[in-house]
There are 2 protein chains.
Amino acid sequence: LGGAPDLVDESVERLDRRAFAPVLDALGQQGSVGLLPTPALICDVAALDANIGRLQTLIDAAGLSLRPHAKSHKNRYIAHRQLLAGAVGICCAKVAEAEAMFETRAWRGDVEVLVTSPVASPAVADRVAELARTARVIAAVDDLGALEDLAGALSRSGASIGVVCDVDVGLARTGVTSADGALQIAARSSELAPLRFLGLQGYAGHAQHVAPRSERARAVSDAAGVLAATREALEHAGYACSIVTGGGTGSWMVDAADGVLSEIQAGSYVFMDREYRDALAGDPEDCFAQSLFVLTTVISANQRDFVTVDAGLKAMATDAGPAAVADGAGTYAFFGDEQGLVTRSDESVLARGTRLRLVPPHCDPTVNLYDHLWLVDGDRVVGLSGVVARGRSY
Amino acid sequence: LGGAPDLVDESVERLDRRAFAPVLDALGQQGSVGLLPTPALICDVAALDANIGRLQTLIDAAGLSLRPHAKSHKNRYIAHRQLLAGAVGICCAKVAEAEAMFETRAWRGDVEVLVTSPVASPAVADRVAELARTARVIAAVDDLGALEDLAGALSRSGASIGVVCDVDVGLARTGVTSADGALQIAARSSELAPLRFLGLQGYAGHAQHVAPRSERARAVSDAAGVLAATREALEHAGYACSIVTGGGTGSWMVDAADGVLSEIQAGSYVFMDREYRDALAGDPEDCFAQSLFVLTTVISANQRDFVTVDAGLKAMATDAGPAAVADGAGTYAFFGDEQGLVTRSDESVLARGTRLRLVPPHCDPTVNLYDHLWLVDGDRVVGLSGVVARGRSY
């Protein structure tokens with residue numbers, strides 16, 4: 001691993017020694033970002049830590065808990081920073097993501113993970129039950145069948161888990177669609193020995209990117225109203241909700257004021273992206289610092305008005321429009337699987353070999369394209385960390 | 001690896017033994033596709049082999065060579081099938097992709113790879129020169145600086161490579177923009193000892209998905225005209241073009257008739273996708289069989305008109321619109337990072353746990369999301385192969 005092995009953390013797999021040798025040899029030295037093979041996913045550690053600290057402070061001040069969503073970073077280094085700052089645990093989107101995050105002895109029994117996608121089959125329940133032998137697990141369910149699947153699997157593994165009932169708060173993606181549905185889940189999970197009913201989950205995914213904030217607040221509060229009514233029905237029937245979990249980078253400020261959620265699942269705030277930047281631009285106090293970039297290189301400069309860079313639609317998620325060029329040196333457009341187009345105002349700029357930082361349009365699925373995250377401090381590469389749950393969508 | 005280790009090929013890395021144990025234990029048995037954790041990338045081997053054989057036969061009959069593009073599959077099993085069928089070598093989009101494909105002793109010195117993205121920097125040239133010590137390499141260049149970078153790097157590694165001049169045939173993404181540009185590349189590469197000038201590359205990427213075929217043919221032939229004129233200028237100046245390489249799944253039939261290209265770089269034909277299916281639907285003889293699917297599971301079925309499945313925008317590329325549901329059981333829409341929506345006509349169908357095959361909208365960047373490709377024969381899983389160049393976009 002070259003001269004500085006301790007800067008490459010234990011989570012790094014599939015290390016490409018051939019392509020990475022120059023930068024690994026120069027790790028921590030001035031300017032080593034110029035040695036990175038591109039496209040490369042880089043994260044500025046100062047901006048990252050500022051974002052982690054800032055949201056934790058604000059959530060603490062509001063009297064809520066923060067359970068950051070690991071689906072954004074899929075990375076143990078960042079999760080560890082979040083836990084150190086005060087997070088009560090983490091969220092994972094899928095069981096396989098949680099399995100990958102917990103493949104470290106350090107976390108076993110100590111970190112609590114909420115798997116936010118409803119359990120869909122006996123096979124998934126088996127993996128939840130296996131994970132629960134070494135980790136503290138909360139599963140989301142929105143169907144009585146999932147409770148039977150979990151109870152059966154847990155009786156075989158000998159572990160127990162917490163359960164939250166996923167509630168459809170307007171997104172209509174997952175969740176029970178009535179208070180009666182939630183009551184049935186609460187009642188049945190309270191009957192099954194290896195399950196502890198903990199409360200509710202409701203994610204207002206449809207509201208996260210609404211602008212301006214006043215409109216976003218209305219959509220978020222409507223969603224909170226559904227959760228509040230469901231909680232009231234459960235408590236009236238004798239089922240306490242110690243957890244009401246949800247929220248995101250676009251809604252936490254409204255959720256904190258509404259006081260329905262007990263914990264916030266924000267994920268993207270650690271990185272930010274062009275889409276959140278656009279949505280939150282009208283309310284600077286809601287924004288976080290851009291810590292995530294895709295570093296790209298000009299590979300062809302034979303056209304007058306634009307150049308071609310080596311980051312295309314295999315280098316960034318494409319669902320949220322184009323990337324932004326970080327220093328404003330032109331505008332970016334996707335230009336096929338392997339390349340992008342960056343406009344230039346003048347033929348003399350952006351020669352072949354020039355490097356640019358791009359702000360990804362959508363952070364989560366962009367991170368999911370990379371095996372590694374390069375940690376940078378300005379132009380210094382200070383570490384390499386594995387995107388351990390990359391591709392773990394199952 | 002369970003009961004049938006020889007069905008898991010040597011290229012498989014990061015094997016998730018926990019989640020895959022049931023299917024690995026049942027490999028080759030009837031119905032084992034039902035044991036796959038989803039979303040899963042599956043490839044029907046009968047359709048795959050039919051596609052490989054069919055295009056090779058047609059290209060042979062036209063008197064051209066086939067150099068399939070490995071950027072589509074990033075997989076040695078499929079490349080090996082293509083080489084056995086008669087391919088003259090492979091293409092790779094980036095050096096790191098080629099490095100990963102050649103991390104097998106079996107290919108060393110025997111398989112010729114054309115790296116289709118222009119060499120952008122001395123660091124990339126160093127890696128090309130290193131690769132050329134164990135593989136037969138052809139590099140594309142569109143800038144005189146790349147020739148100096150390559151000559152310098154090769155003088156240090158002691159290897160030699162072939163060079164093709166990349167020509168802009170209308171896409172404007174990479175390539176020299178004039179016959180004079182190509183002449184300069186030919187002249188300078190002929191002066192540099194470790195380089196052999198082999199000819200031209202021109203990819204009509206803008207024409208591949210044009211429908212109907214008559215319009216596509218016009219765009220493809222216009223591009224071929226640029227290559228023909230460039231070749232003529234080179235030959236007039238004494239530079240022979242033993243290779244004129246380009247073409248794709250949407251254009252090979254026109255290229256074969258035009259007679260300008262000497263070899264075809266098609267990639268997607270092994271898999272097909274919704275986008276190519278739509279573009280080629282008017283000309284059934286241009287179509288290939290759909291071999292690639294994303295297997296998904298219904299995870300939430302509480303809504304009347306649709307269900308939620310576990311394949312979202314981390315499971316498929318999103319640049320080409322929605323996936324198609326393979327058996328026509330509803331229509332698919334992306335529904336966030338982790339989920340998709342499939343319509344249903346009747347509440348009784350598509351219960352929680354139901355599995356569906358999706359036709360990915362765009363095959364290449366979809367494959368690039370998965371570490372593994374499950375090889376299937378109907379409902380039997382017959383093998384597991386590594387997407388060894390996944391993420392190797394640098």
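Keep in mind the model is a prediction, meaning the values are calculated, not measured. Along each chain, the written sequence defines residue order, and numbers are assigned to residues from 1. Labels follow written order: the first chain is A, the first ligand is 1, and so on. Per-residue local features of the predicted model are confined to residues with pLDDT of at least 70, and side-chain atom pairs are confined, for both listing and counting, to 80 or more; whole-chain, interface and lining totals are unaffected and use all residues. Side-chain metrics rest on all non-hydrogen atoms present in the structure, leaving aside hydrogens and water.

Quite often, the size of an interface is put as the accessible area lost when its parts meet. Any two residues whose heavy atoms approach within 4.5 Å are treated as being in contact. Facing the 69 residues of chain A at the interface are 69 residues of chain B. Both sides of the chain A and chain B interface together cover about 5,700 Å² of buried area, and 45% of this is carbon and sulfur. Using a 1.4 Å probe, buried area is obtained as the accessible area two parts lose upon being combined, added over both of them. For the chain A face of the interface with chain B, the top three residues by lost area are Arg14, Arg18 and Arg352 of chain A, together amounting to 14%. By definition, a salt bridge exists where a carboxyl oxygen of Asp or Glu is found within 4 Å of a side-chain nitrogen of Lys or Arg. In this structure, the connection of chain A to chain B is made through 10 salt bridges. With its nearest N and O atoms 3.7 Å apart, the salt bridge here joins Arg18 of chain B to Glu103 of chain A.

In this section: the sheet that holds strand S3 (residues 90-92) of chain A. Where strands meet in a sheet, backbone hydrogen bonds hold them as pairs that are either parallel or antiparallel. Residue and element names in this part refer to chain A. Between any two strands, pairing holds if DSSP finds at least two bridges. Starting at the N terminus, helices and strands are each numbered in turn, a helix being any DSSP run of H or I of at least four residues and a strand any DSSP run of E of at least two. Taken in spatial order, the 8 strands line up as S2-S9-S8-S7-S6-S5-S4-S3 in an open sheet, and their pairing is parallel. Edge positions in the open sheet fall to strand S2 (65-66) and S3, since each of these has one partner strand only. For S3 and strand S4 (residues 112-115), the ladder comprises 3 bridges, and the chain directions are parallel. Along S4, the bridge assignment pairs Cys91 with Leu114.

Turning next to the packing of aromatic side chains. Between 30 and 60 degrees the pair is tilted, below 30 it is stacked and above 60 it is edge-to-face, where a pair is any two Phe, Tyr or Trp rings, Trp via its six-membered ring, whose centres lie within 6.5 Å. With the rule as written, the count across this model stands at 14 aromatic pairs over all chains. Whether a charge sits over a ring comes down to the Lys NZ or Arg CZ being within 6 Å of the ring centre and within 35 degrees of the ring normal. The ring of Phe288 of chain A is capped by Arg54 of chain A, whose NZ or CZ atom sits 4.8 Å from the centre of that ring.

Turning to the confidence of the model for chain A, a few remarks are in order. All names here are of chain A. pLDDT is a residue-level measure of predictor confidence that goes from 0 to 100. Averaged over every residue, the pLDDT of chain A is 95; the share at 70 or more is 98%. Confidence over residues 1-5 falls short of pLDDT 50; this stretch has 10 contacts with residues more than four positions distant or in other chains. Both confidence scores are given for the complex: pTM 0.96, ipTM 0.96.

All names here are of chain A. At their nearest, the axes of helix H5 (residues 122-131) and helix H6 (residues 144-157) sit 8 Å apart, and the two run at 40° to each other. Considering the angle they form, H5 stands oblique to H6. Crossing angle aside, the handedness with which H5 passes H6 is right-handed. Across the interface between the two elements, Pro122, Ala125, Asp126, Val128 and Ala129 from H5 touch Asp149, Leu150, Ala153, Leu154, Arg156 and Ser157 from H6. Grouping the constituent residues of the contact of H5 with H6 by class yields 7 nonpolar, 1 polar and 3 charged. Only the contacting stretch of a helix is used when fitting its axis, a line to C-alpha atoms as for every element, and angles between N-to-C directions run 0 to 180 degrees. An angle below 35 degrees is read as roughly parallel, one above 145 as roughly antiparallel, one from 65 to 115 as roughly perpendicular, and any other as oblique. Crossing handedness is defined as follows: a turn of the near helix away from the far one that is anticlockwise and smaller than a right angle gives a left-handed crossing, while the clockwise case is right-handed. Residues are grouped as follows: Ala, Val, Leu, Ile, Met, Phe, Trp, Tyr, Cys and Pro are nonpolar; Asp, Glu, Lys and Arg are charged; all remaining types, including Gly, are polar.

Copy-to-copy alignment: least squares on C-alpha atoms, limited to residues at pLDDT 70 or above in both. Laying chain A over chain B is done by rotating through 180° and shifting 0.0 Å along the axis; what remains is an RMSD of 0.0 Å. On the angle and the small slide along the axis, the relation comes out as a two-fold axis. Most of the interface of chain A is mirrored in chain B, where 100% of its interface residues again form contacts.

Attention now moves to the side chain of Arg392 of chain A. In this fold, Arg392 of chain A is placed in the segment after strand S17 (380-386). Residues in contact with Arg392 of chain A, not counting those within four places in the same chain, are Lys74, Lys94, Ala96, Glu97, Glu99, Ala100 and Glu103 of chain A together with Asp16 of chain B.

Quick look at helix H1 (residues 17-25) of chain B now. Burial in H1 of chain B covers these residues: Ala19, Phe20, Val23 and Leu24 of chain B. Considered in projection along H1 of chain B, the buried side chains sweep an arc of 120° and stay on one side of the axis. The inward-facing, buried residues of H1 of chain B abut helix H4 (95-101) and H5 of chain A together with strand S16 (372-377) and strand S17 (380-386) of chain B. Under the scheme applied here, a residue whose accessible area is under 20% of the maximum for its type counts as buried, over 50% as exposed, and between as partly exposed, the area being computed with a 1.4 Å probe on protein chains only. The arc in question is the one spanned by the directions pointing from the helix axis to the C-beta atoms.

Bringing the environment of Arg76 of chain B into the picture now. Residue and element names in this part refer to chain B. In this fold, Arg76 is placed in helix H3 (residues 76-85). Note: C-alpha distance between Arg76 and Asp273 (197 residues apart in sequence) is 20 Å. Ignoring sequence-local partners within four residues, the contact set of Arg76 consists of Glu10, Ser11, Ala100, Met101, Glu103, Thr104, Trp107 and Val388. At a separation of 3.4 Å, a polar atom in the side chain of Arg76 contacts the main-chain carbonyl oxygen of Met101. Polar contacts, as counted here, are pairs of nitrogen or oxygen atoms within 3.5 Å of one another; within protein the pair requires one atom able to donate a hydrogen and one able to accept it, and residues that are adjacent in sequence qualify only if both atoms are side-chain atoms.

Residue and element names in this part refer to chain B. Each residue after the first adds 1.5 Å to the expected span of a helix. Taking 1.5 Å per residue as the helical rise, helix H7 (residues 179-191) with its 13 residues ought to reach 18 Å, and the 19 Å between its terminal C-alpha atoms agrees with that figure. Every buried residue of H7 is listed here: Gly181, Ala182, Ile185, Ala186 and Ser189. For H7, the arc enclosing every buried residue in end-on projection is 135°, short of the 170-degree limit, so these residues lie on one face. Buried residues along H7 sit in contact with strand S5 (136-141), helix H6 (144-157), strand S6 (161-166), strand S7 (195-202) and helix H8 (213-236).

What follows deals with the pattern of salt bridges. Residue and element names in this part refer to chain A. Inspection of every chain in the model, using the stated rule, returns 50 salt bridges over all chains. A salt bridge links Asp286 to Arg216; its shortest N-O distance comes to 3.1 Å. Residue Asp286 is found in the loop between helix H10 (274-280) and strand S10 (292-300), and its partner Arg216 is found in helix H8 (residues 213-236); the two are separated by 70 residues along the sequence. Judged by its relative accessible area of 1%, Asp286 is buried. For Arg216, a relative accessible area of 0% corresponds to the buried category. Within the structure, one salt-bridge network assembled from shared partners comprises Arg67, Glu112, Arg136 and Glu263.

What follows deals with the packing of helix H2 (residues 45-61) of chain B against H3 of chain B. Residues and elements named next belong to chain B. Viewed as axis vectors pointing N to C, H2 and H3 meet at an angle of 40°, and their least axial separation amounts to 9 Å. Helix-helix and strand crossings are classified by hand; for H2 and H3 the assignment is right-handed. Across from Val45, Leu48, Asp49, Ile52 and Gln56 in H2, the residues of H3 making contact are Tyr77, Ile78, Arg81, Gln82 and Ala85. When its residues are assigned to classes, the contact of H2 with H3 shows 6 nonpolar, 2 polar and 2 charged.

A separate point is the pairing of S4 of chain A. Residues and elements named next belong to chain A. Residues Glu112 and Leu114 of S4 are buried on one face, and the alternating residues Val113 and Val115, pointing to the opposite face, are buried as well. Clockwise travel from the first strand over the helix to the second, with the strands pointing away from the viewer, marks a crossover as right-handed. Taking the sense of rotation as the criterion, the β-α-β connection linking S3, H4 and S4 turns out right-handed. Handedness of the β-α-β unit built from S4, H5 and strand S5 (residues 136-141) comes out right-handed.

This brings us to the sheet that holds S6 of chain B. All names here are of chain B. The parallel open sheet is built from 8 strands, whose spatial order is S2-S9-S8-S7-S6-S5-S4-S3. Edge positions in the open sheet fall to strand S2 (65-66) and strand S3 (90-92), since each of these has one partner strand only. Set on the sheet, H6 makes contact with S5, S6 and S7; between it and S5 the angle comes to about 155°.

Bringing the pairing of strand S16 (residues 372-377) of chain A into the picture now. All names here are of chain A. Burial of S16 is extensive: 5 of the 6 residues sit out of reach of the surface. Pairing of strand S1 (residues 40-44) with S16 involves 3 bridges; the strand directions are parallel. Of the residues in S16, the one forming a bridge with Ile42 is Trp374. Between S16 and S17, which pair antiparallel one after the other, the connecting turn spans 2 residues, and Gly378 there sits at a positive phi close to 65°.

This part covers the environment of Val309 of chain A. Residue and element names in this part refer to chain A. Tracing the backbone through its elements, the reader meets Val309 in strand S11 (residues 306-309). For Val309, a relative accessible area of 0% gives the class buried. Considering only alpha carbons, one finds Val309 and Pro39, 270 residues apart in sequence, at a separation of 9.0 Å. Once residues within four sequence positions are removed from consideration, Val309 is found in contact with Thr296, Thr297, Val298, Ile299, Tyr332, Glu338, Gln339, Gly340, Val342 and Leu356.

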